[in-house]
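# Topology and contacts: notes
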Amino acid sequence: MAVKRSDSRLFDLQEDKAAEALLRLKLQVGAAAVAVAVFLFASKIAAYVVTGSIGLLGSALDSAADAAASTLIFLAMRYGGRPPDFDHRFGHGKAESIAALVQAVVMVFSAGFLVFQALARLLDPRPIEAGLVGILVCLLAIVVTLGLVAYQRRVLARVQSTAIAADNLQYETDVLLNGAAIAGIGASVYLGFGAADALIGLAIAGYLAFGATRVFKTAFNELTDRELAPGQRDRIKGIIEGHPQVLGFHDLRTRRAGTFSFVQVHVEIDPSLSFVASHQVADEVERMIEGAVPNTEAIVHADPAGLEHVHDILTS
């Protein structure tokens, strides 16, 4: 078994200046998401009181869910950014996945409440007042949200984060939700199609539920240690096979927790190599993987080539 250079490697990774900078960037975008969500909720709920638009209520409820989820995600990123300790040797990254899972649940409840309100409005139609106010608020929300989405995408281009990706999906949905609310208000006020607002509310609820399933699936996969995407695994395989002294490999295992990925693999090496030389090859493969795949902890075990074949013969 390849001897690890030091059990402090995980601590060193967290203490690296680049990793600390990325953590600060994550927290900054998390704080920005909370601020935007609170501002949008306050604006939309005030506009709903003035207009009575169900579509606008749906958008306001979505912003409320955003505010709660973004706050949870911000706290989860702070906790998940802690360095590994003796009780959490793989770090605290799964806190982000838990936050994303909670966000999906909040989205489902918001969708259900919106369906209830929309159906009630279909049974008891009411005119929308001050439609222009609602439209202007939604336009403001679109501009502010697009700015946040662009910021989140820039951060995601530098660091992988399940929590930020889930938040980004939610705010991308918000742009569509605000557009739909504008359409519902416009059709009701200016085209005389009174049921449009409630119907748009139902459509928004459906989209919220659809988005929740995507967020839930991603978070659930991480919490249950699902393998990395096929493309990422193929890249890791190519790195392993690219080492000139690796004759083969087996038992490749991968998983993800928040920002960090973990890779474990057995590499097959010429049996004539000394223990020290085999250990050096394993270390080199670890460094190659960690250098090519950001925020990754690799554990490589060196086996003599042909050992698997001998084991199969002895146990057959």
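Residues numbered from 1 in each chain as written. Predicted model: local features only at pLDDT ≥ 70, side-chain atom pairs only at ≥ 80, totals over all residues. Heavy atoms only, no water.

Moving on: the nonpolar core. Counting 19 residues, the largest nonpolar core has Ile54, Ala100, Met107, Leu114, Ile204, Leu208 and Val215 as the members making the most contacts within it. Contributing elements (two or more residues each) for this core: α3 (54-80), α4 (94-123), α6 (162-190) and α7 (196-223). At seven residues, the largest contribution of residues to this core is made by α7. (Core = buried A, V, L, I, M, F, W, Y, C linked by side-chain atoms within 4.5 Å. Buried < 20%, exposed > 50% of the residue type's maximum accessible area, 1.4 Å probe, protein only. Helix = DSSP H or I, 4+ residues; strand = E, 2+ residues; numbered from the N terminus.)

Counting across every chain of the model gives one aromatic pair. With 5.8 Å between their ring centres and 10° between their planes, phenylalanine 216 and phenylalanine 220 make a pair best called stacked. Here phenylalanine 216 pairs with phenylalanine 220, and both are found in helix α7, just four residues apart, close to one helical turn. The residue whose ring lies beneath arginine 255 is phenylalanine 262, and the NZ or CZ to ring-centre distance is 4.6 Å. (Phe/Tyr/Trp six-rings, centres within 6.5 Å; stacked < 30°, edge-to-face > 60°. Lys NZ or Arg CZ within 6 Å of the ring centre and 35° of its normal.)

Following the sequence through the fold, glutamine 152 ends up in helix α5 (residues 131-156). We classify glutamine 152 as buried; its relative accessible area is 1%. Within polar-contact distance, the side chain of glutamine 152 engages the side chain of asparagine 168 at 3.2 Å. (Polar contact = N/O pair within 3.5 Å; in protein donor to acceptor, adjacent residues only side chain to side chain.)

We now examine the packing of helix α8 (residues 230-241) against helix α9 (residues 275-292). Viewed as axis vectors pointing N to C, α8 and α9 meet at an angle of 145°, and their least axial separation amounts to 9 Å. Relative to α9, α8 is oriented so that their crossing is right-handed. Contacts between α8 and α9 pair Arg235, Ile236, Ile239 and Ile240 from the former with Val285, Met288, Ile289 and Ala292 from the latter. Class assignment of the residues belonging to the contact of α8 with α9 gives a composition of seven nonpolar, no polar and one charged. (Axes fitted to C-alpha atoms, helices over the stretch in contact; angles between N-to-C directions. Left-handed = near helix turned anticlockwise from the far one by under 90°. Contact = heavy atoms within 4.5 Å. Nonpolar A, V, L, I, M, F, W, Y, C, P; charged D, E, K, R; others polar.)

This paragraph deals with α9. In a regular helix each residue adds 1.5 Å, so 18 residues correspond to 26 Å; α9 covers 26 Å between its end C-alpha atoms and thus fits that length. Residues of α9 that are buried: Ser278, Val281, Ala282, Asp283, Val285, Glu286, Ile289 and Glu290. (Expected span 1.5 Å × (residues − 1).)

Below, the discussion takes up the pattern of salt bridges. All chains considered together, the criterion is met by one salt bridge. The residue glutamate 227 makes a salt bridge to arginine 233 at a minimum N-O spacing of 2.6 Å. (Salt bridge = Lys/Arg side-chain N within 4 Å of Asp/Glu carboxyl O.)

We now examine the sheet that holds strand β1 (residues 246-257). As summarised here, the arrangement of the three strands in space is β1-β2-β3, forming an open sheet in which the pairing is mixed. The strands lining the two open edges of the sheet, one partner per strand, are β1 and β3 (296-304). Pairwise comparison of adjacent strand axes, ignoring direction, gives a mean angle of 15° for this sheet. Pairing geometry for β1 and strand β2 (residues 260-269), over nine bridges, is antiparallel. Residue pairing in the sheet places valine 246 in a bridge with isoleucine 269 of β2. Packed onto the sheet, α8 meets β1 and β2 and runs at close to 145° relative to β1. (Pairing = 2+ DSSP bridges.)

Take it as geometry only, folks, not as evidence of what the structure does.
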